[in-house]
Amino acid sequence: MSRLLYENSVSYQGYLIIPFVYGKADAYEIYSYKLLSEIGNKSRFHKTENPAGIYGNSIKNIIDIAKEHLDQHLEFVSQQDCFRSRYIFRDNLIIIFQEEGKYFYDHYPPEILNNIAAPKLFNSEYECLSWIQAGLNGQYVRQQAS
(Lines give C-alpha, C1' and ligand atoms only; values in the text may rest on other atoms or scores of the structure.)
Protein backbone atom coordinates (compact mmCIF):
# COMPACT_ATOMS: atom_id res chain seq x y z
CA MET A 1 0.00 0.00 0.00
CA SER A 2 1.18 3.51 -0.79
CA ARG A 3 1.00 6.29 1.73
CA LEU A 4 -2.37 7.55 2.86
CA LEU A 5 -3.38 10.68 0.95
CA TYR A 6 -4.32 12.75 3.99
CA GLU A 7 -4.25 15.92 1.90
CA ASN A 8 -7.24 14.54 -0.06
CA SER A 9 -9.18 13.37 3.01
CA VAL A 10 -12.81 14.38 3.38
CA SER A 11 -14.84 14.69 6.57
CA TYR A 12 -18.30 13.21 6.09
CA GLN A 13 -21.11 12.18 8.47
CA GLY A 14 -18.75 11.77 11.45
CA TYR A 15 -16.06 9.94 9.48
CA LEU A 16 -12.82 10.95 7.86
CA ILE A 17 -12.48 9.32 4.43
CA ILE A 18 -8.80 8.88 3.58
CA PRO A 19 -7.98 7.79 0.02
CA PHE A 20 -4.85 5.96 -1.06
CA VAL A 21 -3.49 4.31 -4.19
CA TYR A 22 -4.37 0.63 -3.84
CA GLY A 23 -2.45 -0.48 -6.89
CA LYS A 24 -1.88 0.02 -10.58
CA ALA A 25 -3.31 -1.67 -13.66
CA ASP A 26 -1.31 -0.86 -16.76
CA ALA A 27 -0.61 2.85 -16.27
CA TYR A 28 -3.78 3.55 -14.27
CA GLU A 29 -4.00 4.00 -10.54
CA ILE A 30 -6.67 2.15 -8.57
CA TYR A 31 -7.88 3.91 -5.43
CA SER A 32 -9.19 2.63 -2.14
CA TYR A 33 -9.85 4.31 1.19
CA LYS A 34 -9.65 3.98 4.95
CA LEU A 35 -11.95 5.48 7.55
CA LEU A 36 -11.61 7.11 10.92
CA SER A 37 -14.73 7.56 13.04
CA GLU A 38 -15.39 10.40 15.45
CA ILE A 39 -16.74 7.83 17.94
CA GLY A 40 -13.57 5.75 17.63
CA ASN A 41 -13.73 2.04 18.37
CA LYS A 42 -17.48 2.25 19.05
CA SER A 43 -17.89 2.32 15.27
CA ARG A 44 -17.46 -0.87 13.28
CA PHE A 45 -15.89 1.23 10.52
CA HIS A 46 -13.20 2.92 12.64
CA LYS A 47 -9.80 2.29 11.02
CA THR A 48 -11.33 -0.05 8.42
CA GLU A 49 -10.15 -0.34 4.88
CA ASN A 50 -12.75 -0.04 2.14
CA PRO A 51 -15.80 -1.58 3.85
CA ALA A 52 -17.75 -1.05 0.60
CA GLY A 53 -15.38 -3.45 -1.20
CA ILE A 54 -15.47 -1.25 -4.31
CA TYR A 55 -12.42 0.46 -5.79
CA GLY A 56 -12.23 3.66 -7.82
CA ASN A 57 -10.34 5.13 -10.74
CA SER A 58 -9.85 8.57 -9.17
CA ILE A 59 -9.77 10.22 -5.78
CA LYS A 60 -13.16 11.87 -6.41
CA ASN A 61 -14.63 8.52 -7.46
CA ILE A 62 -13.42 6.67 -4.35
CA ILE A 63 -14.65 9.49 -2.07
CA ASP A 64 -18.10 9.22 -3.71
CA ILE A 65 -18.07 5.43 -3.20
CA ALA A 66 -17.19 5.87 0.49
CA LYS A 67 -19.91 8.50 0.98
CA GLU A 68 -22.55 6.28 -0.63
CA HIS A 69 -21.53 3.34 1.56
CA LEU A 70 -21.66 5.48 4.71
CA ASP A 71 -25.08 6.86 3.74
CA GLN A 72 -26.39 3.30 3.39
CA HIS A 73 -24.87 2.07 6.67
CA LEU A 74 -25.22 5.10 8.93
CA GLU A 75 -24.32 4.12 12.52
CA PHE A 76 -24.84 7.44 14.28
CA VAL A 77 -25.78 11.05 13.64
CA SER A 78 -22.82 13.37 13.93
CA GLN A 79 -23.48 16.55 15.91
CA GLN A 80 -20.32 18.33 14.75
CA ASP A 81 -17.32 17.97 12.49
CA CYS A 82 -14.61 16.77 14.86
CA PHE A 83 -12.19 16.46 11.90
CA ARG A 84 -12.39 20.14 10.91
CA SER A 85 -9.08 21.01 12.64
CA ARG A 86 -6.82 18.65 10.77
CA TYR A 87 -3.39 19.38 9.40
CA ILE A 88 -0.83 17.58 7.27
CA PHE A 89 2.83 18.03 8.16
CA ARG A 90 5.52 15.95 6.46
CA ASP A 91 2.77 13.58 5.20
CA ASN A 92 1.56 13.01 8.79
CA LEU A 93 -2.07 13.65 9.75
CA ILE A 94 -2.63 15.75 12.85
CA ILE A 95 -6.16 16.20 14.22
CA ILE A 96 -6.64 18.78 16.97
CA PHE A 97 -9.44 18.41 19.50
CA GLN A 98 -10.71 20.83 22.12
CA GLU A 99 -12.48 19.88 25.30
CA GLU A 100 -13.19 22.13 28.28
CA GLY A 101 -10.68 24.76 27.18
CA LYS A 102 -7.80 22.31 26.69
CA TYR A 103 -6.39 21.03 23.42
CA PHE A 104 -5.01 17.62 22.53
CA TYR A 105 -4.30 15.79 19.31
CA ASP A 106 -4.20 12.56 17.36
CA HIS A 107 -1.18 11.93 15.15
CA TYR A 108 -1.17 9.39 12.32
CA PRO A 109 1.97 8.57 10.31
CA PRO A 110 1.85 8.44 6.48
CA GLU A 111 1.39 4.68 5.95
CA ILE A 112 -0.78 3.42 8.80
CA LEU A 113 -3.73 4.51 10.93
CA ASN A 114 -2.05 4.04 14.30
CA ASN A 115 -2.38 7.03 16.58
CA ILE A 116 1.09 7.88 17.89
CA ALA A 117 0.15 11.05 19.79
CA ALA A 118 1.72 11.82 23.13
CA PRO A 119 -0.72 12.15 26.06
CA LYS A 120 -0.28 15.88 26.51
CA LEU A 121 -2.70 18.78 26.99
CA PHE A 122 -2.20 22.29 25.62
CA ASN A 123 -3.72 25.71 26.28
CA SER A 124 -4.23 26.62 22.61
CA GLU A 125 -4.38 25.05 19.17
CA TYR A 126 -1.28 27.04 18.20
CA GLU A 127 0.68 25.71 21.19
CA CYS A 128 -0.37 22.17 20.30
CA LEU A 129 0.63 22.53 16.63
CA SER A 130 3.95 24.17 17.52
CA TRP A 131 4.82 21.30 19.86
CA ILE A 132 3.96 18.68 17.22
CA GLN A 133 5.91 20.49 14.51
CA ALA A 134 8.96 20.76 16.76
CA GLY A 135 8.74 17.04 17.50
CA LEU A 136 8.48 16.11 13.82
CA ASN A 137 11.43 18.38 13.09
CA GLY A 138 13.48 16.40 15.63
CA GLN A 139 13.72 19.18 18.19
CA TYR A 140 12.65 16.91 21.03
CA VAL A 141 15.20 14.25 21.85
CA ARG A 142 14.50 11.67 24.53
CA GLN A 143 16.90 11.81 27.40
CA GLN A 144 18.27 8.45 28.43
CA ALA A 145 18.32 7.57 32.09
CA SER A 146 21.80 6.73 33.35
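Note that this is a predicted model, so its numbers are computed, not measured.

The rules behind these values
Note that residues are indexed from 1 along each chain, following the sequence as it is written. Only residues with pLDDT of at least 70 get local features here, since the model is predicted, and only at 80 or more are side-chain atom pairs given and counted; chain-wide, interface and lining totals rely on the full set of residues. In computing side-chain values, all of the structure's heavy atoms are included and hydrogens and water are not. In this analysis, strands are considered paired if DSSP registers two or more bridges between them. In this description a helix means any DSSP run of H or I spanning at least four residues, a strand means any run of E spanning at least two, and both kinds are numbered starting from the N terminus. The axes used here are C-alpha line fits, helices contributing only the stretch in contact, and every angle between their N-to-C directions lies in the interval 0 to 180 degrees. Residue contacts are counted whenever heavy atoms from the two residues lie within 4.5 Å of one another. For a helix, the expected span equals 1.5 Å multiplied by the residue count minus one. The cut-offs for exposure are 20% and 50% of the maximum accessible area for each residue type, with area from a 1.4 Å probe on protein chains only; residues under the lower value are buried, those over the upper are exposed, and the others partly exposed. The directions considered for the arc run from the helix axis to the C-beta atoms. Planes of paired rings set the category: under 30 degrees apart is stacked, over 60 is edge-to-face and the rest tilted, where pairs are Phe, Tyr or Trp rings (Trp by its six-membered ring) whose centres lie within 6.5 Å. Identification of polar contacts relies on pairs of N or O atoms within 3.5 Å, with a donor-acceptor requirement for protein atoms, meaning one able to donate a hydrogen and the other able to accept it, and with residues adjacent in sequence counted only if both atoms are side-chain atoms.

**Overview of the sheet that holds strand β6 (residues 102–108)**
Strand pairs in the sheet, formed through backbone hydrogen bonds, run parallel or antiparallel to each other.
And step 1. Read from one edge to the other, the open sheet built from 3 strands follows the order β4-β5-β6, with strand pairing classed as antiparallel. The open sheet is flanked by β4 (86–89) and β6, the only strands paired with a single partner. On average, each strand axis in the sheet is tilted by 25 degrees relative to the strand beside it, whichever way the strands run.
And step 2. Relative to β6, strand β5 (residues 92–99) runs antiparallel, the two being bridged by 7 bridges. Counted as the bridge partner of Glu 99 is Lys 102 from β6.
And step 3. Of the strands in this sheet, β4, β5 and β6 touch helix α2 (residues 125–136), which is tilted by about 150 degrees from β5.

**Quick look at the side chain of His 46**
And step 1. With respect to the element layout, His 46 can be found in the loop between β3 (28–37) and α1 (59–72).
And step 2. Other than its neighbours up to four places away in sequence, His 46 contacts Leu 35, Leu 36, Ser 37, Gly 40 and Asn 41.

**Considering α2**
And step 1. Under the 1.5 Å per step criterion, the end-to-end length of α2 is 17 Å for 12 residues, consistent within 8% with the ideal 16 Å.
And step 2. Within the span of α2, buried status applies to Cys 128, Ile 132 and Ala 134. Along the long axis of α2, the arc covered by the buried residues comes to 160 degrees, so they all point the same way.
And step 3. Tucked inside the fold, the buried residues of α2 contact β5 and β6.
And step 4. Where α2 terminates, the next one or two residues include Gly 138, which has phi positive at roughly 80 degrees.

**Here we look at the packing of aromatic side chains**
And step 1. The full count for this structure, using the stated rule, is 7 aromatic pairs.
And step 2. Between Tyr 15 and Phe 45, the aromatic rings sit 6.3 Å apart at their centres with planes inclined by 65 degrees, giving edge-to-face as the arrangement. Placement of Tyr 15 in strand β2 (residues 15–25) and of Phe 45 in the loop between β3 and α1 is noted, with a sequence separation of 30 residues between them.
And step 3. A centroid spacing of 5.4 Å and a plane angle of 25 degrees characterise the contact between Phe 97 and Phe 104, whose relative ring orientation is stacked.
And step 4. Through a chain of ring-to-ring contacts, three or more aromatic side chains come together here, namely Tyr 15, Phe 45 and Phe 76.

**Some remarks on the side chain of Thr 48**
And step 1. As for its placement among the helices and strands, Thr 48 is situated in the loop between β3 and α1.
And step 2. Within the local environment of Thr 48, its side chain forms a polar contact with the backbone oxygen of Phe 45, the two atoms lying 2.8 Å apart.
And step 3. For Thr 48, the residues in contact, after removing those within four places along its chain, are Tyr 33, Lys 34 and Leu 35.

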